[in-house]
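Chain by chain, the residues run as shown.
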Amino acid sequence: MIGLQHYLLVSAALFSLGILGVLTRRNAVNVLMGIELILNSANLNLVAFSRYGAGNLNGQLFAVFVIVIAAAEVAVALAIVLTLYRLRRTPNLDAADLLRG
Amino acid sequence: MQEIARSLPHFGAELVLTVALLLVVLVDASGMRGRNGLCRALTVLGLLGALPLGAVSGRVADEIWSGMLVADPLGAFFKVLLVAASLLLVLAFTFRNSSELHGLGHGEFYALLLAVTISNLLLAAANDIAMLYLALEMVSITSYVMVAYLKGDRLSNEASLKYVLFGAVSTGVMLYGLSLLYGLAGTTSIPALRDFVAAGVPAEGRGALYLIALLTLAGFGFKTASVPFHFWCPDVYQGAATPVTAFLSVAPKAAGFAILLRFFFGALSTRGAGAWDYAWTIDWVQLLIAVSVATMTLGNVAALTQTNMKRLLAYSSIAHAGFLMMGVVALSENGARGLLVYLFAYLFMNLGAFLVVTLIHHHEGTFDLRDYPGMHRRQPFLTVAMAIFLLSLMGIPPLVGFMGKLYVFAAIIERGPAWYAVVAAVNAAVAAYYYARIMKTMIIDEAASERPAIRLHGADFAWVLIFVLGNVLPLFFWSAIEGWARSSLALYARL
């Protein structure tokens, strides 16, 4: 029988993988994929809590909004990464090293 | 339907701004002649209209839009402050006096500015963690685009890249915390969360609540540029166009503190006999004291060695976030009032300093402090104005910045640990050093070579003067301002 704890374990794993991806990847697009994992782990939490614990639909509603926000955020982030590529011919984050100190 | 009819009268400021935003987009897309001036006029009109509407939304203290937002005096204070920040920005920083924005589209800039303003208002009035997250992301996403506004500029691109990646991760971590909070409490409404926490969290839930406070702090820390989520701040401030930097340093930070106050006071505190207390289950006050001390110390120490003015002011704004947090940490009405007064002061002193930096860049093409010597001969007015802004940032009486520091320090001495007040005082002294260094460079140092005087445009002169008056005059109306801040908290404290 699959219960709340299984969902929470999967979401915790997704969250950790997302953080790991963000910290270790050098390609900006891969970092964005890590961010997606983080957001979706929270979505999984929200929906699972809504289904098993809270007894209301607030969590599922919240998750729908998060999906919309994630799409908007990725659209803006990809546009910025595209500009990075145009200016420097690489999607590599190490190339962005002008600002420091 | 009834709910909509009930909510609309308290939602006027946001509606007016939305209409202005749509009109600006339409006018800009129409391609008609003179559309740049029309866009600016529409933006100014929208902001002017939103100012009184934001103020009257505080006549009640009621949940609107089915509990998503709240209309209360605290929200009204922040609405007026946030709209005023946008208004001052549009009027004082124009496409004419910023050589960075020269040649770029006007309409998009005003549309983005209005969008950030609307989302700032929503953030300051959020009453539900779903709304909190939505508004926070809306502020962030529109700010990312504003930072990236200088399209072909490598610095601007790099700044926006760092901003978007840092912001997305911070708010993502915060969202994970909020999802756990929903699981723990079974509700997303902030008042319901307060009831949940006040009823006493079972022992096995306390660790989870502490973890949630840590995770959500990532988002709040990002928005207010507090350690350890401040890394984006210097790079973004340096890379973005100066008017954008000036705006980001004031408005989203103020909205971030508004929601920090609502979340930590509103959801995680209880009001006992006469005094506020953090909910006994979780000691977030210690957590925020650590963040505050680290923030002001790091900001001030890092600012000591900077030579780029935008970067220096970025570290200075990080340090101010640490001081501002003192008002939250005091966990008293005096502390919260100190936060409001400090934000009011911060609006005039920081925007003023950035205006001078913008004007000098416009005429000289430099942000480097090493190009500032001899400024007292070439432009005495700007030099004196900058000195006043810096003295205000330092917290020297009788300028408005002093009042901000006075209130938060008083609140901490009254409530908090003594060592915290001492650390903050030492920090204020360190900050005085680098502000004084700028004044010394401008007033005492002589330029290596003689250069012509800078001639200011009349409007620029007038706006610098207005900001100077904004730093000097409030003291003469202090009882009114103090009363405004006090009454903004009155109803909130009763909740």
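Treat the numbers as computed from the prediction; the structure is a model and nothing was measured. (Residues numbered from 1 in each chain as written. Chains lettered and ligands numbered in written order. Predicted model: local features only at pLDDT ≥ 70, side-chain atom pairs only at ≥ 80, totals over all residues.)

Take the interface of chain A and chain B next. The partner chain B presents 35 residues to the 34 residues of chain A that form the contact. Elements with a minimum of two residues in the side of chain A that touches chain B: α1 (4–24), α2 (28–54) and α3 (58–88) of chain A. Here the side of chain A that touches chain B takes 15 residues from α3(A), the largest share from any one element. Broken down by class, the residue content of the side of chain A that touches chain B amounts to 25 nonpolar, eight polar and one charged. (Contact = placed C-beta atoms within 7 Å. Helix = DSSP H or I, 4+ residues; strand = E, 2+ residues; numbered from the N terminus. Nonpolar A, V, L, I, M, F, W, Y, C, P; charged D, E, K, R; others polar.)

Moving on to helix α4 (residues 73–92) of chain B. Taking 1.5 Å per residue, 20 residues should reach 28 Å; α4(B) reaches 28 Å between its end C-alpha atoms and fits that length. With respect to burial, α4(B) is a largely interior element, 18 of its 20 residues being buried. (Expected span 1.5 Å × (residues − 1). Buried ≥ 20, exposed ≤ 12 C-beta atoms within 10 Å, placed from the backbone.)

Glancing now at unusual backbone geometry. Residues and elements named next belong to chain B. Here the bond from Val227 into Pro228 is cis, since omega is 0°, no more than 30 degrees from zero. For Pro228, the position within the fold is in the loop between α9 (203–224) and α10 (232–239). Here the amide bond leading from Pro397 into Pro398 is cis, since omega sits at 5°, within 30 degrees of zero. Turning to its location among the elements, Pro398 is positioned in the loop between α16 (380–394) and α17 (400–415). The phi torsion at Trp65 lies on the positive side, around 50°, for a residue other than glycine.

Right, let's get into the packing of helix α2 (residues 12–30) of chain B against helix α3 (residues 35–56) of chain B. Residues and elements named next belong to chain B. It is at 8 Å that the axes of α2 and α3 come closest, and there the two elements cross at 175°. One element, α2, and the other, α3, form an angle in the roughly antiparallel class. Where α2 abuts α3, its residues Gly12, Ala13, Val16, Leu17, Val19, Ala20, Leu23, Val24, Val27, Asp28 and Ser30 lie against Arg35, Leu38, Cys39, Leu42, Thr43, Leu45, Gly46, Gly49, Ala50, Leu53 and Gly54. Here the residues of the contact of α2 with α3 are counted per class, giving 14 nonpolar, six polar and two charged. (Axes fitted to C-alpha atoms, helices over the stretch in contact; angles between N-to-C directions. Parallel < 35°, antiparallel > 145°, perpendicular 65-115°, else oblique.)

A few words now on the environment of Arg337(B). Residues and elements named next belong to chain B. With respect to the helices, strands and loops of the structure, Arg337 is situated in helix α14 (residues 333–364). For Arg337, a count of 23 C-beta atoms within 10 Å corresponds to the buried category. Those residues in contact with Arg337 that sit more than four places away from it in its chain are Tyr407, Ala485, Arg486 and Leu489.

Quick look at helix α8 (residues 190–198) of chain B now. Count 3.6 residues to each turn of an α-helix, and residues three or four apart come out pointing the same way. Among all positions of α8(B), only Ile190(B), Leu193(B), Arg194(B), Phe196(B) and Val197(B) are buried. Looking straight down α8(B), one finds its buried side chains confined to an arc of 160°; they lie on one side. (Arc of directions from axis to C-beta.)

This paragraph deals with the nonpolar core. Proteins that are soluble and globular tend to have nonpolar side chains buried together. All names here are of chain B. By size, the foremost hydrophobic cluster in this structure holds 224 residues, and its most contacted members are Leu81, Leu343 and Val356. Of all the elements, α14 adds the most residues to this core, at 20 residues. If near-sequence neighbours (up to four positions away) are discounted, Val356 is found in contact with Leu382, Ala385, Met386, Phe389 and Val464. (Core = buried A, V, L, I, M, F, W, Y, C linked by C-beta atoms within 7 Å.)

Looking now at the confidence of the model for chain B. The pLDDT averaged across chain B works out to 90; a share of 96% of its residues lies at or above 70. With pTM at 0.94, the complex prediction returns an ipTM value of 0.96. (pLDDT = per-residue confidence, 0-100.)

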